[in-house]
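Structural features, examined
So the chains spell out like this:
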Amino acid sequence: MSPRPRNVLSAVLTVLAGLLVPCGTLAAWAAYDLADTGRYTAAMAPLAADPDVREAVADVLEDGIVREAGAGPLRGAMGPFVRDAARSFTRTEAFRAGWDTANRTVHGAVLRAVRTEPADDRPVTVDLAVVTARVKNELARDRVPFAHRIPVRHTEVTVLPAAETDRLRKGFHVLDVAARWLPCAAVVFAVAGIATATCRRRAVTATGLGTALGGALLALAVAVGRHLTLTGLPGPSHRPAAAAVYDALTATLRTASWLLAALGLAVALASWLTGVLPRRRGLPATGPPATGTPATGPPAVGTPATGPPAVGTGPEPAPNTPSAPGAPSTPLPP
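Residues numbered from 1 in each chain as written. Predicted model: local features only at pLDDT ≥ 70, side-chain atom pairs only at ≥ 80, totals over all residues. Heavy atoms only, no water.

This part takes up the packing of helix α1 (residues 3–34) against helix α8 (residues 200–231). As a packed pair, α1 and α8 sit with axes 8 Å apart at the nearest point and diverge in direction by 30°. As judged from the angle between their axes, α1 and α8 are roughly parallel. Between α1 and α8 lies a crossing whose hand is right-handed. Contact with α1, carried on its side by Ser10, Thr14, Gly18, Val21, Pro22, Thr25 and Leu26, involves Ala203, Ala206, Thr207, Gly210, Thr211, Gly214 and Leu218 of α8 and no other residues of that element. In terms of residue class, the contact of α1 with α8 is built from six nonpolar, eight polar and no charged. (Axes fitted to C-alpha atoms, helices over the stretch in contact; angles between N-to-C directions. Helix = DSSP H or I, 4+ residues; strand = E, 2+ residues; numbered from the N terminus. Parallel < 35°, antiparallel > 145°, perpendicular 65-115°, else oblique. Left-handed = near helix turned anticlockwise from the far one by under 90°. Contact = heavy atoms within 4.5 Å. Nonpolar A, V, L, I, M, F, W, Y, C, P; charged D, E, K, R; others polar.)

As a further point, take the pattern of salt bridges. Applying the stated criterion across every chain yields a total of eight salt bridges. We note a salt bridge from aspartate 166 to arginine 169, for which the minimum N-O separation is 3.6 Å. One end of the pair, aspartate 166, and the other, arginine 169, are both in helix α7 (residues 162–196), three residues apart, so they sit about a helical turn from each other. Ionic pairing is found between arginine 254 and aspartate 247, a salt bridge with its closest N-O pair at 4.0 Å. Through salt bridges with shared partners, a single network forms among Asp166, Arg169 and Lys170. (Salt bridge = Lys/Arg side-chain N within 4 Å of Asp/Glu carboxyl O.)

Moving on, we come to a nonpolar patch on the surface. Taken together, Val8, Val12, Val15, Leu16 and Leu19 make up a surface patch of nonpolar side chains, about 420 Å² in accessible area. Relative to the assigned elements, valine 8 resides in helix α1. (Patch = residues over 30% accessible without salt bridge, like charges linked within 9 Å, V, L, I, M, F, W, Y side chains within 5 Å. Areas by Shrake-Rupley, 256 points an atom, 1.4 Å probe, with all protein chains shown as cover.)

Mapping valine 204 onto the fold places it in helix α8. For the pair valine 204 and leucine 269, spaced 65 residues apart in sequence, the C-alpha separation works out to 9.9 Å. For valine 204, the contacting residues outside a window of four places in its chain are Ile194, Val267 and Ser271.

Once that is clear, we can look at the packing of aromatic side chains. Applying the stated criterion across every chain yields a total of two aromatic pairs. Aromatic pair phenylalanine 89 and phenylalanine 95: ring centres 5.9 Å apart, planes at 75°, arrangement edge-to-face. Given a relative accessible area of 5%, phenylalanine 95 falls into the buried group. Taking the centre distance of 6.1 Å and the plane angle of 40° together, the rings of phenylalanine 95 and tryptophan 99 count as tilted. With phenylalanine 95 and tryptophan 99 both in helix α5 (residues 93–115), this residue pair falls four residues apart, about one helical turn. Each member of the pair phenylalanine 95 and tryptophan 99 is classed as buried. (Phe/Tyr/Trp six-rings, centres within 6.5 Å; stacked < 30°, edge-to-face > 60°. Buried < 20%, exposed > 50% of the residue type's maximum accessible area, 1.4 Å probe, protein only.)

The next point concerns the packing of α8 against helix α9 (residues 239–249). The N-to-C vectors of α8 and α9 enclose an angle of 150°; their axes lie 10 Å apart at closest approach. For the element pair α8 / α9, the angle class is roughly antiparallel. Helix-helix and strand crossings are classified by hand; for α8 and α9 the assignment is right-handed. Of the residues in α9, those in contact with Val222, Gly225, Arg226, Thr229, Leu230 and Thr231 of α8 are Arg239, Ala242, Ala243, Tyr246 and Asp247. Broken down by class, the residue content of the contact of α8 with α9 amounts to five nonpolar, three polar and three charged.

Ranked by size, the top nonpolar core spans twelve residues in total: Tyr40, Met44, Leu47, Ala48, Val53, Ala56, Val57, Phe95, Trp99, Ala241, Ala244 and Ala248. Those elements that place two or more of their residues in this core are α2 (37–44), α3 (51–69), α5 and α9. If we ignore the near neighbours within four places in the chain, the residues touching tyrosine 40 are Asp33, Leu34, Asn103, His107 and Leu249. Ranked by size, the runner-up nonpolar core spans six residues in total, among them Trp29, Ala30, Tyr246 and Leu253. (Core = buried A, V, L, I, M, F, W, Y, C linked by side-chain atoms within 4.5 Å.)

Moving on, we get to the confidence of the model for the protein chain. Averaged over every residue, the pLDDT of the protein chain is 79; residues scoring 70 or more account for 77%. Per-element mean pLDDT across the protein chain ranges from 73 in helix α4 (residues 75–89) up to 94 in α8. Of the regions scoring below 50 in pLDDT, residues 283–297 engages in zero contacts with residues more than four places distant in sequence or in other chains. Contacts from residues 318–334, a stretch scored under 50 in pLDDT, to residues over four places away or in other chains number two contacts. (pLDDT = per-residue confidence, 0-100.)

Pasting the structure below:
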């Protein structure tokens, strides 16, 4: 294959690899990090101490308690006391235990719903009895008065409607397949692009820059998704709590995007330096001398020296050679 088609094919493969990098990372995060109950619970656990999250939970508890109390003359008077009690509860260990149990229960129910094919479409529900029992035990351990009298009732709460469940199930299957093949395809395209190029050093540099660009695009997508998620909420009162939850869930994705950008830039810089540094060293040429340049090596054996004679030395006259006319003759030995 001639050099031009090889370079075109290498460029196409490098571009495809750069595009698949953020898509594969996003699919792998959704399939292996977000869909893991243990990792999800560990990511959500620190939010029990977040002030915005605790304030949002206290508002929900206050509304639920006041609604259960019904209409009456004491409803307006009991509001401040219920609000203070709800805020105090969100600062206890019982709330943290109930928070972890609720997140684990809800996530497990949703995950079972999207991974199985039910006979009929049903909404995803959870039983609050598990959460209530955990909170009751923690309050009794803290010696809270009348904690042992808290009733534990089996109350089914819908966390995902049937229509949303079916759509989420289809999307999860697509992400599961994409998480397996997209990263492998990105690596194959990158290696094939480097092997096809006529100048592999430049191909490695382009692959590193494409990886860095893919990581930057992924970080930008996370930021845009955060903005759209918060602006889509019905009211601004719970946006700080929703922002905290979004940041906790996408922490691994943001870290992966910056790692991709840093790795790609490091590879591109190393490849570029390997081509620039040798040219700047100024090493002498090691090839044969140019035409017409006299050789500087020692003369060959039997070749007369061409340099000037040493001082005080000269050619010795041959023996029995007569002297020049007019010069005193030297008697020859008998």
